[in-house]
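# Fold and contact review
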Amino acid sequence: MIPRLLRLRLLLPTALALCAPLLRADPYPSPPALPPEDLATLVVSASPERESYLLGETVRVFYSVTNRGPAPITIRRDNSTAFWRPTSLHVAATDLATGEPVPPTPAGFDFLNHRYGRRHTLAPGETWTHAFFPLRHVELPGPGRYRFRLRHTLGWPDADLAPAAPEFDVVFSEPSPEQAAALIAALPPLGQASDDTPLPVDTYGFHFPLYTPHLLARIAAGEPALLASLDRLPTPEATAALIKLSSNSHAPVALAARRSLITRLPPQDGITTYDNMGATVPKARKDAAWTPAEFASARALARALLTKDLPPRDASGHVNAWDSPTFIAAALLARLGETSDLPHLVGGLQKAAYARPLDATTYRNRTWQLLDDETAALRSAYAGLRSRGIRAAPTATRLGEAILAFDEARLAAGSAQAPLFTADFHPFDSTGVSTRTAGPRSSAWLDQLYLLANLRPWPPTPSGGERPGHFGDPATGRPPHPVLLVAALDSIPAPLPPECIPFVNFALESDVPHVVHAACAVAVETRSPIFVPALLRVLATETDPRLRVTVSRALARLDDRLAAIRALADDLAVTPEPGELLRQLGQSLFPKAQPANQYSRAPLSRSARLALRDAWLTFIAAHADRIQNAKPFEVGDPQIPPTLFGNHITWRRPDESLWPAVAD
């Protein structure tokens, strides 16, 4: 199973795409409320460009909304191409030969209805017209005559209030092989649609086998936009084509084919599968797209991808996991891997760990506390292999094997994923830390922890093998490797065995923020003050504000709230824009309140930063007992000087008034 933070990161591009219309829409979520008699003055009509088409040919329908009333009416329309289809537009179809409804296309967007899109005000007598592609809404089974029924919510959630739904009939004929080839050949070069410039044609209807060879020729020549039609074919032939295209010489084609391939992996309990843009594809359709031959070909592809170079980071240090061959290989092996794939997984994990060291240069962006996607994905792939009875070697002679040895210890105790510690929790909150795995650990596991903590070389084995120092970077000899340390920390059970305390303290002394973060997860789970001295040493020597926040919040969990809040206040001296720190400090004082507004002001000067820090330290010293004992303040308490929040942030009192007053 892919760990939760990795799943979150994988879903992040999809989530951003889903939220894009909201960011561009006006701030009001729905039109003004109008009585039904006013809505009745809106007339919706629809008309296709033709009455007959070849099966798969682009069908475009124009729908119009006319205001027949005496006053302007505001409707909400779709930002139509920000999603793969409009969300407030509902299309149903019926096969007129059988009377049976046509199945809808898989979609997960109904829950977004009535919330996103742009407003448009219709003056009396005005008509607003827009086009849409109906074949994106229904799965036509074949040629025939179909009756389509359209309904647009216009922004009102109650279907009974919407205007009457228009209907229209369309006839679809079976194309000849020559016609199919001509239709594909006539397609213009397809780029990417935008909010205001939709594609001129809709290739969504080409999901029939007779179009496959013609689509493949254009896709292989460098047109990944045509992959959507191939991806909709739940056949082994389409799967085999995607596997072949995953090694295409055109990088955009190969990347798109790999993404499509892992979205059609047949599901298995405990193994995460991926769906494009939230679409839900029935399990039976995914199962039908694979045979043993495709399983073998996909495993061979995964092995080949593990030998490819990892993509470079961008200027901010980010890597798009979906563009990484190693990540795609991990997803394939998690679902399809066999015993013979384990050595390849080990090699890929070792390669990724050395290529993506979790050193001090890779965490200075907003997602610094996350493990790298590729190493985390490969560790998760082992959980998939293990669910099918495959076990890592009991002895380790390479870094990759050592990492999996710790994962094996964790998984053997019954945990499907590593416990995760999030830095985004309230200092006085008692939730937000995942329960760590209970259960026994072997003496060999404890010996491995001792070897790491004592920085002793890994003992030689009869088989020899790669032993670069302490499984550190062979170029520098730095022991031990951060990924190995994180895996070791993840494997520690709860309750914490007393003999593991030295190892956790050792990890808290690490120079790698990811390791300190993982050690904080263990320390917090214990609820023991035994780790407070080590955490205080980190605060005394660490300058990075993100790591200081993590450690200070761990201290708050360990009942040293005073030290935690003092550490946040200390950071004000080195933070030109203090809004986020003031939010955290305020939430430590007002645990039941959320900031009403956070203002972006000009960066503070050095003297202003020092004055703000000193004001907070003076306040903390004056109320030390109350802060340490977690006795909250009320917003606007006269004991709290408004200057502590200055002109940067306001809080809402119970009577809805804002405090402190912020000057414009």
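The structure we're discussing is the one just above.
Note that the coordinates shown come from a computational prediction; the quantities given were computed from them, not determined experimentally.

### Describing the environment of serine 491
For serine 491, the position within the fold is in the loop between α15 (482-490) and α16 (501-508). Judged by relative accessible area, serine 491 falls into the buried class, the value being 0%.

### Examining the side chain of glutamine 584
As for its position among the elements, glutamine 584 is in helix α21 (residues 579-589). Relative accessible area serves as the criterion here: at 5%, glutamine 584 is assigned to the buried category.

### Examining helix α17 (residues 513-526)
With 14 residues, α17 extends 20 Å between its outermost C-alpha atoms, agreeing within 8% with the 20 Å of an ideal straight helix rising 1.5 Å per residue. For α17, every residue scored as buried is listed here: Pro513, His514, Val515, Val516, His517, Ala518, Ala519, Cys520, Ala521, Val522, Ala523 and Val524. In the core, the buried residues of α17 are packed alongside α15, α16, α18 (532-541) and α19 (545-557). The first or second residue beyond α17 is arginine 527, which carries a positive phi of 55°.

### A look at the pattern of salt bridges
Counted according to the given criterion, the structure contains 20 salt bridges. Note that arginine 136 and aspartate 202 form a salt bridge whose closest N and O atoms lie 2.9 Å from each other. Within this pair, whereas arginine 136 is found in the loop between β7 (127-132) and β8 (144-152), its partner aspartate 202 is found in the loop between α3 (177-185) and α4 (212-220), the two being separated by 66 residues in sequence. One salt bridge in this structure joins arginine 264 and aspartate 231, with 3.8 Å as the shortest N-O distance. Residue arginine 264 is found in the loop between α7 (251-263) and α8 (283-288), and its partner aspartate 231 is found in helix α5 (residues 227-231); the two are separated by 33 residues along the sequence. Salt bridges sharing partners connect three or more residues here, namely Arg299, Arg303, Glu338 and Asp341.

### A look at the nonpolar core
Judged by nonpolar contacts, the single largest core of 140 residues is most densely connected at Phe148 and Phe172. Excluding residues within four positions of it along the chain, phenylalanine 172 makes contact with Tyr53, Leu54, Leu55, Val59, Leu135, Leu140, Pro143, Gly144, Tyr146 and Phe148. Phe590, Leu604, Val635 and Leu644 belong to the second largest nonpolar core, which has 27 residues in total.

### Points about the packing of aromatic side chains
Under the defined criterion, the tally for this structure stands at 16 aromatic pairs. Judged by centre distance (5.9 Å) and plane angle (65°), the ring pair of phenylalanine 645 and tryptophan 651 falls under edge-to-face. Tryptophan 651 shares its class with phenylalanine 645; the two are buried. Through pairs of rings, three or more aromatic residues link up here, namely Phe590, Trp616, Phe619, Phe633, Phe645, Trp651 and Trp659. Sitting over the ring of tyrosine 204, arginine 232 keeps its end group 3.7 Å from the ring centre. The residue whose ring lies beneath arginine 626 is phenylalanine 633, and the NZ or CZ to ring-centre distance is 3.8 Å.

### Brief notes about the sheet that holds β7
Strand order in the open sheet made by the 3 strands is β1-β3-β7, with antiparallel pairing throughout. At either end of the open sheet lies a strand with only one pairing partner, and these are β1 (42-48) and β7. Direction aside, the axes of adjacent strands within the sheet are offset by 20° on average. Sheet topology note: the β1/strand β3 (residues 61-67) ladder contains 7 bridges and is antiparallel. What sits directly across from proline 48, in β3, is valine 61.

Calculation notes
Residues numbered from 1 in each chain as written. Predicted model: local features only at pLDDT ≥ 70, side-chain atom pairs only at ≥ 80, totals over all residues. Heavy atoms only, no water. Helix = DSSP H or I, 4+ residues; strand = E, 2+ residues; numbered from the N terminus. Buried < 20%, exposed > 50% of the residue type's maximum accessible area, 1.4 Å probe, protein only. Expected span 1.5 Å × (residues − 1). Contact = heavy atoms within 4.5 Å. Salt bridge = Lys/Arg side-chain N within 4 Å of Asp/Glu carboxyl O. Core = buried A, V, L, I, M, F, W, Y, C linked by side-chain atoms within 4.5 Å. Phe/Tyr/Trp six-rings, centres within 6.5 Å; stacked < 30°, edge-to-face > 60°. Lys NZ or Arg CZ within 6 Å of the ring centre and 35° of its normal. Pairing = 2+ DSSP bridges. Axes fitted to C-alpha atoms, helices over the stretch in contact; angles between N-to-C directions.

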